[in-house]
Amino acid sequence: MPLLQINDVVAGYGIGPDIITGLSLAVEADRSYCIIGPNGAGKSTLLKTVCGLVQARSGSVVFDGKPLSGLRTDEILRRGICYVPQDRSLFPDMTVRENLRMGGYILRDRHAVEKRIDEVMEMFPILKERRAQLAKTMSGGQQQMLLLGRALVLKPRIIMLDEPSLGLAPMVSHQIFESMNVLKKAGITIIVVEQNARIGLNFADWGCVLDLGKMVFEGPSQTVLDDPRIEELYLGRRRRRTGAGG
Amino acid sequence: MTHNIQILILGVTLGGVYALMASGLTLIFGVMGIVNLAHAAFMMIAAFIAYFAFQLFHLDPILSIVITMPVMFVVGIVVYRLLFARSVADTHKRGVLVLLTFALALTVEGTLGFLFSNIYRSTNPSYASKAILFGPYYLPEGQFYATLMSIALLVGLWAFLQYTRTGYAIRATMHNRTAAEVVGVNVDRISMFVFGIGMALAGASGSMLTFLFSFYPSKHWEFVAILLSLVVLGGMGSLLGALIGALLLSVIAAFVSAEFGPTWSPVTFYLALFVILLVRPQGLLGKRPEL
């Protein structure tokens, strides 16, 4: 049985149109996933629907055999799904350590949280080095690292990342993906939405291509990378004038 | 020199109370992004409670905060649930919510006016007309006690925000609402709680203004204008900013009043508002609006 099962989900914002228009995906615990697709394909909305920031209009999301529908973000977080939004959503005027402490907000046991923060700092030494620094004074790459660390405090089963490389220099992006490999090795299932399809698919085991709120294509990352349609549409190679066009 | 120090004393002792009044306003703005124009109108409700508690039961107006604060806290929770809960998460609706607070202010004013009429009232506990003398200076006792109580409440609020789990959650929501939600803060419940706290602070302010000013239901417009200028000077959403803004403007207004006469004192606040918005719109400690 998959760890996370997304069944024919339809979702959108407020009274606006459907952004996700009937999407299904089975997430296996021992794989990592990269979701790619053009702007407006519904990639971020999909992650937000899973973590409860957006309520599905129909369909269901089942995690570990239990439905998540109607649960708030904090309740879903408690079950073990952590979402990292794309807008560097840190607490800018709190220190690195305080930010990590907020990562363990839903835990009541303060000592356990502090202990866990120390463990996370061992995994990401840069955070230990900068523990007393205000989050806003760090570079983009370090902030992204802090977001990863903050997500790790809870030891979630799944971490969903929305464009972790956004606005970062290529070398820094690679560092971030290397850190994500650490999480992968720690047994956490990772779902990442990535504009830079190549780096994302090289990282993940499984690739999903979204367009207009639907799953167009999914498969092992290498297969997705090699698929001519994907190359044309999302990897920015020169389009050949054969076939049905765009 | 003596004269100037005396004015400074008067300005500072009133500033503490202004800071208390502004703290609730800036806290609610910080968490919900709404300028609550009804803040001072709610202070008036508390003022009437304190007034009648004093008239009927001789309850000291400063002590009456033990009634006004919890009562206004509950009022805040109810108002939030009924009027704001559904719209506050939607950033597009926040602009409209300011109009809602305006309507709320008018409603409260109208109701109070209907019930108690617009005559001038004030409480007169024994200390209201006394002064502490030291050397060549005097300290109006009422102002002094009110400011002491205000500072005590503000320190309590600060400690609560700084050291408790809920305080962390409130500050996190102020910094970044989405991030707070993502780490599992129930931002709806935090907003409701903060609205209650803000109203409780308005309640305490209302209790104490009864012996510092004479008040009537429509007096709140005067206060809300003053409070907005303090909060804008300090930086919207910043508690420390509200304190600094309150002390600064209160002292300046005291000097203006001494130099040009008391009628000019309120103008100080409006002029300050203009100048701040032109020169440093984010206020002293406010953040520059991000892209």
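Within each chain, residue numbers correspond to sequence positions counted from 1 in written order. Lettering for chains starts from A, numbering for ligands starts from 1, and both go in the order in which the items are written. In keeping with the model being predicted, local features are shown solely for residues with a pLDDT of at least 70 and side-chain atom pairs are shown and tallied solely at 80 or more, while totals for entire chains, interfaces and linings include all residues.

Some remarks on the overall build of chain A
Piece 1. When its secondary structure is counted, chain A shows 10 helices and 10 strands.
Piece 2. What you see for chain A is a C-alpha radius of gyration of 18 Å, in line with the 18 Å of a compact globule of 246 residues.
Piece 3. Contact between residues is assigned whenever the C-beta positions, reconstructed from backbone atoms, fall within 7 Å. Expressed as a percentage of contacts within chain A between residues at least 6 apart in sequence, the contacts between residues at least 24 apart total 66%. Counting from the N terminus, the helices are the DSSP runs of H or I reaching at least four residues and the strands are the DSSP runs of E reaching at least two. A radius of gyration in this sense is built from C-alpha atoms; the matching globule rule multiplies 2.2 Å by the number of residues raised to 0.38.

Focus on the pairing of strand β8 (residues 189-193) of chain A
All names here are of chain A.
Piece 1. Within β8, 5 of the 5 residues are buried, which leaves the element mostly enclosed by the surrounding structure.
Piece 2. Neighbour density around each residue's C-beta defines its exposure: 20 or more other C-beta atoms within 10 Å make it buried, 12 or fewer make it exposed, and counts between make it partly exposed, where C-beta atoms are placed from the backbone. A two-sided burial pattern is seen for β8, the buried positions comprising Thr-189, Ile-191 and Val-193 on one face and Ile-190 and Val-192 on the other.
Piece 3. Pairing between strand β3 (residues 33-36) and β8: 3 bridges, direction parallel. When the bridges of β8 are listed, Tyr-33 appears paired with Ile-191.
Piece 4. Paired strands are those between which DSSP finds at least two bridges. Relative to β8, strand β7 (residues 158-162) is paired through 5 bridges, and the arrangement is parallel. Each residue of the ladder has a partner; that of Asp-162, found in β8, is Val-193.
Piece 5. Here a crossover is taken to be right-handed if, once the strands point away from the viewer, the path from the first strand over the helix to the second is traced clockwise. Taken together, β7, helix α7 (residues 170-185) and β8 form a β-α-β motif whose crossover is right-handed.

Focus on the interface of chain A and chain B
Piece 1. Listed as interface residues are 19 residues of chain A and, on the opposing side, 14 residues of chain B.
Piece 2. Sort the elements by how many residues they give to the side of chain A that touches chain B and helix α2 (residues 73-79) of chain A lands first, with 3 residues.
Piece 3. Asp, Glu, Lys and Arg are counted as charged, while Ala, Val, Leu, Ile, Met, Phe, Trp, Tyr, Cys and Pro are counted as nonpolar; the rest, among them Gly, fall into the polar class. The residue makeup of the side of chain A that touches chain B, split by class, is 11 nonpolar, 4 polar and 4 charged.

Some details on the sheet that holds strand β9 (residues 206-211) of chain A
Residue and element names in this part refer to chain A.
Piece 1. The mixed open sheet is built from 6 strands, whose spatial order is β6-β7-β8-β3-β9-β10. Looking along the sheet, the strands with just one partner apiece sit at the ends: β6 (81-84) and β10 (214-220). The average angle at which neighbouring strand axes cross in this sheet is 15°, direction not considered.
Piece 2. Pairing of β6 with β7 involves 4 bridges; the strand directions are parallel. Pairing of Val-84 across the sheet is with Leu-161, part of β7. For helices, the fitted axis covers only the stretch in contact; all axes are lines through C-alpha atoms, and the angles between them, taken along N-to-C directions, range from 0 to 180 degrees.

Digging into the sheet that holds strand β2 (residues 18-27) of chain A
All names here are of chain A.
Piece 1. With antiparallel pairing, 4 strands are arranged side by side in an open sheet as β2-β1-β4-β5. Edge positions in the sheet fall to β2 and β5 (66-67), since each has one partner strand and no second.
Piece 2. For strand β1 (residues 4-12) and β2, the ladder comprises 7 bridges, and the chain directions are antiparallel. Across the sheet, residue Val-9 finds its bridge partner in β2, namely Leu-23.
Piece 3. Contacts from helix α1 (residues 43-50) reach β1, β2 and β4 (56-63) within the one sheet, and its direction differs from that of β2 by about 65°.

A few points about the confidence of the model for chain A
Residue and element names in this part refer to chain A.
Piece 1. What pLDDT expresses is the predictor's confidence in each residue, scored from 0 to 100. Across chain A, the average pLDDT comes to 89, with 93% of residues at 70 or higher.
Piece 2. Of all secondary-structure elements in chain A, the lowest mean pLDDT belongs to helix α10 (residues 228-234), at 71, while β8 reaches the highest, 96.
Piece 3. Low pLDDT (under 50) marks residues 238-246, which in the prediction has 1 contact with non-local residues, meaning those over four places away or in another chain.

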